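# Architecture at a glance
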Amino acid sequence: MRSVAFLAAGALVPFLAGCGSDVDEAGKPLAGLDIAPAARDQVADGGTLKWAVDAVPETLNTFQADADAGTTRIAQAVLPSMFRLDAEGRPVPDSAYLESAKVIETEPRQVVLYKLNQQAVWSDGREIGAADFVAQWHALSGKDSSYWTARNAGYDRIEKIERGASDLQVRVTFARPYADWKSLFSPLYPKQVMGSPDAFNDGARRKLQVTAGPFRVDKVDTAAKDVVLTRNPRWWGRPAKLTQIELHAVPRDKRAAALADGSLDVADIDPAEAQLIGLAAQGAGSPLQGSGRTSVKKLRSWARAHGFGPDKARADENELRKDVGAYLDEQQALRAFDVRKSLEPTYTQLALNGSEGPLADERVRRAIARALDRKELAKLVLTPLGLPAVPVGSHLALSGQSDYADSSGALGQADTKEAAALLADAGWVAGGPVKEQKKGKKAAGPESDKAGRQKPSDGGKDGQYVVGEDDNKSGGRGDGGDRHLAQEGRQGGVPGAYAPKGTAAPAGVPAGPLAKDGKALALRFVLPSGPGSETLHAVAERISAMLDRVGIRTTISKVPDESYFKDHIASGDYDLALYSWPSSAYPATDARPIYAKPVPAADGSVNVEQNYTRVGTDQVDQLFDQAAATLDEGEARDLIRKADSRIWAAAGSIPLYQRPQLVGTRKNLVNVGAFGFQTPVYEDMGYLKKGAKISPSPTK
């Protein structure tokens, strides 16, 4: 979501975003893709790939509110996309569908001309053309409420779509300029899906009869928890190497066992399961081998050393020997797999609910930000996995993406003395009288989120929640503050990020909890409690220790996974929380609702869109709107970076680290694994031919 200096040294760099520097601050991805690349002539023809998903998707329509990661994976394999993402998270045309796409007019209206691949056809034999573009525009424009859409960003700016000079050309005219036009029509659904509300709402939930990718949807089997994709016989591109892809729903804590028993070939896994595969590769010896019978005492010691829980390690001798035998069989099977690793195009943040209470004061939020050692937190999560432990420096892009710049200097580096001074300036002092507080008070108020916006994961690799996408609206006023922001940034911060001169900075750790007006500075830190949340809990504990050093007390509250997002994050029932946002190649569109200033609704509630921290400013809204409306890519990039610096200064959310991507993969599978930013190339996936060696060029 990096400047060269930041990548090289892992240090915070001076705030440069929007200051006219010629230095490319985007840098490179912190970790490349890890997919065992092989040239196509080294890949065997045929075979089935069994790939884990979290659940059988509720819908195959990516534009519906309950679409999930499985929906996206299917769409990538079976539907056209005008643009796909490369290894640096930047949009590139997909030549299977598109010969070219460019802005051909800007006055009086922006006009984009798409020239389609003349071989591109739907699975029913019909050419992909203007009728499909028109149907998708009408469905997603927001003008017909009969379409139950989750988002209409970008499509609401289109004025008309028409055939070009031939059937292979599509002209799209915009009523208002739209910088993120490349985000549209990716994926593109056939007019049979988009042509009527009934077809849109219900027709593509469990089946897609017409597709146009290397694979097609053969069946969705909810009983077997499978989605089966088979080769598309009408595919005109490079033929798919695999005969079939089976997407199989397996809980994350059961995936190592599913890999071992042959139920899966590829699965996103947690660090604990990655460790199991690593141990299998080392070939740990068996305590059951050798002459003589291993004593129960030695067997229990071996079991504890190999991760057996207390109950299993204390089981009676026969049960213990049975469990050890099963473990060894699983380890033997796991030797056929390796762990391919990269960094997800997703970052984990500390969210601060600024709707009321102590965190409504931005000095307190900034103090929390200054108290955090983000590099230490990144090391805690990523170093044990052998991944680059570099803190994320932007809310709006990740290292390698064109909009990335490290703007964390808007708040300055970790500094407990400065944090203590900010808290003192806000009136929080050590040793003040504390009145007994009533129990059961919510951390924040009754704001409502706009329906259909949130996209939580179901616990994620580390129990973190990934939340997702959309919309656009204007706001704000210019106050000339950007110039002042940039000036202050050269000194490592922005106005207000530091306590005013003359504020006493406590020399050491406060003698006790801070208090103000008889209330202790105590915050409720809400976390999910389900499987896979161990990393999340470790990060929260470390953050709590850092805040304790400056006199901020935290109470960690672990809640059920199913209620974590809906009942706590979206409803505002928390002070501090950890969840993740995916990065986007189109932040002016996709990130705006995440940071938009909350707006009072007619019923007295507050519409927060996706801004679950409830912290926003008019200036940030205005910068997003300007970035979305300019067709100058350099200007749009500068505006996005300015917006990010202001988001940092508001301190509603603190980006911590890019999430690890660990994929257990059968060793002879190639062109599949940890993709990082890149959109998978499904037709190149397959099994390595016997005797073949991996090549650095997977697309030849």
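Residues numbered from 1 in each chain as written. Predicted model: local features only at pLDDT ≥ 70, side-chain atom pairs only at ≥ 80, totals over all residues. Heavy atoms only, no water.

## Some details on the packing of helix α11 (residues 362-371) against helix α13 (residues 416-425)
The following threshold applies: Axis lines are fitted through C-alpha atoms, for helices just across the contact stretch, and the angle between N-to-C directions can take any value from 0 to 180 degrees. Only DSSP runs of H or I reaching four residues or more are called helices, and only runs of E reaching two or more are called strands; each is numbered from the N terminus. Our angle categories are set so that under 35 degrees counts as roughly parallel, over 145 as roughly antiparallel, 65 to 115 as roughly perpendicular, and the remainder as oblique. By definition, any crossing whose near helix is turned counterclockwise from its far helix by less than a right angle is left-handed, and any crossing with a clockwise turn is right-handed. Contacts are assigned to residue pairs that have any heavy atoms within 4.5 Å of one another. Throughout, the ten residues Ala, Val, Leu, Ile, Met, Phe, Trp, Tyr, Cys and Pro are labelled nonpolar, Asp, Glu, Lys and Arg are labelled charged, and all others, Gly among them, are labelled polar.
Where α11 meets α13, the axes come as close as 8 Å, and the angle between the chain directions of the two elements is 165 degrees. On the basis of their axis angle, the class for α11 and α13 is roughly antiparallel. Judged by the twist between their axes, the crossing of α11 over α13 is left-handed. Contacts from Arg 363, Val 364, Arg 366, Ala 367, Arg 370 and Ala 371 of α11 reach α13 at Thr 416, Glu 418, Ala 419, Leu 422, Leu 423 and Asp 425. Here the residues of the contact of α11 with α13 sort into six nonpolar, one polar and five charged.

## Let's talk about the packing of aromatic side chains
Rules: Two rings belonging to Phe, Tyr or Trp (six-membered ring only in the last case) form a pair when the distance between their centres is within 6.5 Å. Interplanar angles under 30 degrees mark stacking, angles over 60 mark edge-to-face geometry, and anything in between is tilted. Put simply, a charge is over a ring when the Lys NZ or the Arg CZ is close to the ring centre, within 6 Å, and near the line of the ring normal, within 35 degrees.
Enumeration over the complete set of coordinates arrives at 17 aromatic pairs. Seen from their ring centres, Tyr 579 and Trp 581 are 6.1 Å apart, and the 75 degrees between their planes marks the pair as edge-to-face. By way of ring pairs, the aromatic residues Phe 63, Phe 83, Tyr 114, Phe 133, Tyr 155, Trp 181, Phe 185 and Tyr 189 are connected into one cluster. The ring centre of Trp 51 lies 4.2 Å from the NZ or CZ of Arg 73, which sits over that ring.

## Some thoughts on the sheet that holds strand β15 (residues 519-520)
Applicable threshold: Should DSSP find at least two bridges between two strands, the strands are taken to pair.
Here three strands make up an open sheet; going across it, the order is β13-β14-β15 and the pairing antiparallel. Looking at strand neighbours, the two that pair on one side only are β13 (429-430) and β15, the edges of this open sheet. Summarising the sheet, strand β14 (residues 514-516) and β15 pair through two bridges and their orientation is antiparallel. The residue of β15 that forms the bridge with Lys 516 is Lys 519.

## Let's talk about the sheet that holds strand β4 (residues 98-105)
Read across the sheet, four strands follow the order β4-β5-β7-β6 without closing on themselves; strand pairing throughout is antiparallel. In this open sheet, the two edge strands, each paired with only one partner strand, are β4 and β6 (158-163). Averaged over all adjacent pairs, the angle separating strand axes in this sheet is 15 degrees, with direction ignored. When strand β5 (residues 111-116) meets strand β7 (residues 169-174), the two strands line up antiparallel, connected through five bridges. Note on β7: the bridge partner recorded for Lys 115 is Gln 169. The strands touched by helix α3 (residues 130-140) are β5, β6 and β7; relative to β6, the strand with the most contacts, the crossing angle is about 160 degrees.

## Thoughts on the pairing of strand β10 (residues 244-249)
Summarising the sheet, strand β1 (residues 48-53) and β10 pair through six bridges and their orientation is parallel. Bridge pairing links Leu 49 to Ile 245 in β10. Where strand β9 (residues 226-231) and β10 come together, five bridges link them in antiparallel fashion. Opposite Val 228, over in β10, you have Glu 246 as the bridge partner.

## Comments concerning helix α20 (residues 633-650)
We count it as follows: A helix is expected to reach a length of 1.5 Å times the quantity of its residues less one. Note on exposure labels: buried denotes an accessible area under 20% of the residue type's maximum, exposed denotes more than 50%, and partly exposed covers the range between, all computed with a 1.4 Å probe on protein chains only. Side-chain atoms alone can form a polar contact between residues adjacent in sequence; in general such a contact is a pair of N or O atoms within 3.5 Å, and within protein one must be able to donate a hydrogen while the other accepts it.
Compared with an ideal rise of 1.5 Å per residue, which puts 18 residues at 26 Å, α20 spans 26 Å between its outermost C-alpha atoms and is within 8% of the ideal. Taken together, the buried positions of α20 are Ala 636, Leu 639, Ile 640, Arg 641, Ala 643, Asp 644, Ser 645, Arg 646, Ile 647, Trp 648, Ala 649 and Ala 650. Among the residues of α20, the N-terminal cap falls to Asp 632, whose side-chain oxygen and the backbone nitrogen of Gly 634 are separated by 3.0 Å. Phi turns positive, to about 55 degrees, at Ala 651, one or two residues after α20.

## Describing the packing of helix α19 (residues 618-629) against α20
The N-to-C vectors of α19 and α20 enclose an angle of 165 degrees; their axes lie 9 Å apart at closest approach. Classified by the interaxial angle, the pair formed by α19 and α20 is roughly antiparallel. As for the relative orientation of α19 and α20, their crossing is left-handed in sense. When α19 is examined against α20, the residues Gln 619, Val 620, Leu 623, Phe 624, Gln 626 and Ala 627 are found in contact with a partner set consisting of Ala 636, Leu 639, Ile 640, Lys 642, Ala 643, Arg 646 and Ile 647.

## Thoughts on the environment of Leu 264
Assignment of secondary structure puts Leu 264 in the loop between α6 (255-260) and β11 (266-268). Under the relative-accessibility criterion, Leu 264 is labelled buried at 0%. Remark: the alpha-carbon pair of Leu 264 and Thr 665, spanning 401 residues in sequence, is separated by 8.9 Å. Beyond its immediate stretch of four places on either side in the chain, Leu 264 contacts Lys 50, Trp 51, Ala 52, His 248, Val 250, Arg 255, Ala 258, Leu 259, Phe 337 and Arg 666.

## Focus on the pattern of salt bridges
Which entries qualify depends on this criterion: Here, a salt bridge means any Lys or Arg side-chain nitrogen found within 4 Å of an Asp or Glu carboxyl oxygen.
Enumeration over the complete set of coordinates arrives at 30 salt bridges. As a salt-bridge pair, Asp 684 and Arg 238 come within 3.1 Å of each other at their nearest N and O atoms. Residue Asp 684 is located in the loop between β22 (669-670) and β23 (686-687), and its partner Arg 238 is located in the loop between β9 and β10; the two are separated by 446 residues in the primary sequence. Here Asp 684 falls in the buried class, since its relative accessible area comes to 2%. One salt bridge in this structure joins Arg 366 and Glu 362, with 3.0 Å as the shortest N-O distance. Within this pair, Arg 366 and its partner Glu 362 are both found in helix α11, separated by four residues, close to a single helical turn. Note on Arg 366: relative accessible area 5%, which makes it buried. Here Glu 362 falls in the partly exposed class, since its relative accessible area comes to 35%. Each of the salt bridges in this network shares a partner with another, and the network as a whole consists of Glu 105, Lys 160, Glu 162 and Arg 171.

## Considerations on the nonpolar core
Rules: Here the nonpolar core consists of buried residues drawn from Ala, Val, Leu, Ile, Met, Phe, Trp, Tyr and Cys, with membership extended through side-chain atoms lying within 4.5 Å.
Counting residues in hydrophobic clusters, the biggest one holds 73 residues, and the most contacted among them are Trp 51, Met 82, Tyr 114 and Phe 185. The biggest single contributor to this core is α3, with six residues. In this structure Phe 185 touches Pro 80, Ser 81, Met 82, Tyr 114, Phe 133, Gln 136, Tyr 155, Ile 158, Ile 161 and Val 172, once residues within four positions along its chain are discounted. Among the nonpolar cores identified, the runner-up in size contains 69 residues, and Ala 274, Leu 359, Leu 423 and Leu 576 belong to it.

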